[in-house]
Amino acid sequence: MPFYMLLFFIGFLFLIDYLFYLIIFAYGYKRRNEELIYKKKTVSIIIAARNEEKNIGRLLTSLVNQSYPEELYKVYVIDDRSEDKTAQIVQQFADKWNNVQLVQIKKTPVAVSPKKFALSEAIKESDGEIILLTDADCLVTKYWVEAMVSNFTDNISMVAGFSRTLIPNWRNSTLLEKFEYFDFLLMFMAAAGAIFAGKYFSCSNQNLAYLRTAYKKVGGFEKIKHILSGDDVNLMQLFRKERFKIRFSLINHSFVYTQPVSTFGKLISQRSRWASNAKWQLQLNPEFFVYLVSIFIVHVSIITLIFLCWQLAMLMFLFKAIVEFIYVASHFKLFESEKQRMSFFPYWAIIQPFYLIIVTLRGVLNLFSWKV
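Caption draft 1: Highlighting the packing of aromatic side chains. Under the criterion given, the structure shown has 36 aromatic pairs. A centroid spacing of 5.2 Å and a plane angle of 65° characterise the contact between Tyr 29 and Phe 196, whose relative ring orientation is edge-to-face. On the criterion of sequence distance, the pair formed by Tyr 29 in helix H1 (residues 3-30) and Phe 196 in helix H6 (residues 175-196) is long-range, its members being 167 residues apart. The class for Tyr 29 is buried, based on a relative accessible area of 2%. Overall, the relative accessible area of 10% leaves Phe 196 in the buried class. Between Phe 196 and Phe 248 the ring centres are 6.2 Å apart and the planes differ by 75°, which places this aromatic pair in the edge-to-face class. Here Phe 248 lies in strand E9 (residues 245-248) and Phe 196 lies in helix H6, a separation of 52 residues in the sequence. Phe 248 shares its class with Phe 196; the two are buried. The structure contains a cluster of three or more aromatic residues connected by ring pairs, namely Tyr 29, Phe 162, Phe 184, Phe 188, Phe 196, Phe 248, Phe 255, Trp 274, Tyr 327 and Phe 335. Seen from the ring of Tyr 181, Arg 341 lies directly overhead, with NZ or CZ sitting 4.8 Å from the centre.

Caption draft 2: How the structure looks around the nonpolar core. Grouped together as the largest cluster of nonpolar side chains are 126 residues, with contacts concentrated most on Phe 25, Ile 45, Tyr 210 and Phe 248. No other element matches H6, which puts 14 residues into this core. If we skip the residues at most four places from it in the chain, Tyr 210 touches Ile 123, Glu 129, Ile 130, Ile 131, Leu 133, Phe 152, Ser 157, Met 158, Tyr 215, Phe 221, Leu 235 and Phe 239.

How each quantity is defined
- Counting starts from 1 at the beginning of each chain's written sequence and moves along it residue by residue.
- Only residues with pLDDT of 70 or above have their local features reported here, since the model is predicted, and side-chain atom pairs are shown and tallied only from 80 upward, although totals for entire chains, interfaces and linings are computed over all residues.
- With hydrogens and water excluded, all non-hydrogen atoms of the structure serve as input to the side-chain values.
- For Phe, Tyr and Trp, where Trp contributes only its six-membered ring, two rings pair if their centres lie within 6.5 Å, and the inter-plane angle classes them as stacked under 30 degrees, edge-to-face over 60, or tilted in between.
- Under the DSSP-based scheme used, a helix requires at least four consecutive residues in state H or I and a strand at least two consecutive residues in state E, with every element numbered from the N terminus.
- Only protein chains enter the calculation, and the probe is 1.4 Å; a residue is then buried if its accessible area is under 20% of its type maximum, exposed if over 50%, and partly exposed in between.
- For a lysine, the NZ atom is tested; for an arginine, the CZ atom; a charge sits over a ring if that atom is within 6 Å of the ring centre and within 35 degrees of the ring normal.
- For the purposes of this section, nonpolar cores are sets of buried Ala, Val, Leu, Ile, Met, Phe, Trp, Tyr and Cys residues that join through side-chain atoms within 4.5 Å.
- What makes two residues a contact is simply this: any of their non-hydrogen atoms within 4.5 Å.

Written out as structure tokens, the structure is:
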């Protein structure tokens, strides 16, 4: 058998595995539980910030103007060794608002992830029943806290939320902005489908909440503190191992915005950092690891076949793209109201194989930058 046929056969088997998961995710959407509760709980909002003077003021403004009762939530901002005016800006809010507190980190212990250490220190300072997290460069709606809390029905220990890049004018946005937006969207569509199907694969600290009791039961970040990234995804795996129930919030008011990156280099670095968690999933969640490996091999097969037998490469690419398009189109309205944005799918589908291979390899080899 010619090598290109063997490669096609192997790649196609992994493609079937990947598409099988998409079918499972799609089924998960159909059987999702949308039950909500309206019982108020105390909430500790935790934000890790390093050199975020350009963003932290906007976020805090949205947080002190929440619809949630002021006496039931408190915002803790961890100034993680910033060299700008982040701490001063936070302190200005703390001086005016009783439910804002500055926590400062001067030094991180050796062999401990800086962000995990910062988050754990702030969590120690707090006492809310629910720990609610977002990033310093995000923006939340007026009803964000209320919407996220309403997902904590009796058996739920963690709630993952949706995050999207802020693009006010889609028509005038750049190729980079559109690609990042669409890549974010599809990543969350897959994550949500997996959670709905009972497969807890991934989430993002840009919009995440969990019960303090559950956090303590898994030992906080102690078991994963040596892993540089993954204060969200890897913590989710600890929750999964304890058989805690996790859900994804599709309440529009629970969605948050994050600032788009300014260059392709920064996007590659960010995604490579996220991809660095893939190797740890072999230990934390083998099924998630197999899913990620399947996606990687499919894209490597397509790119390699372009040079060996472009017809087979095109066959694999089209089969994959058609099923992905059906999956995205079926759930698009749950995440996005502007139908015109769906027209970017063909461009994303063409760029994504090359992009995914690059970020995966860089992530596995730890070739990415970090705020340290």
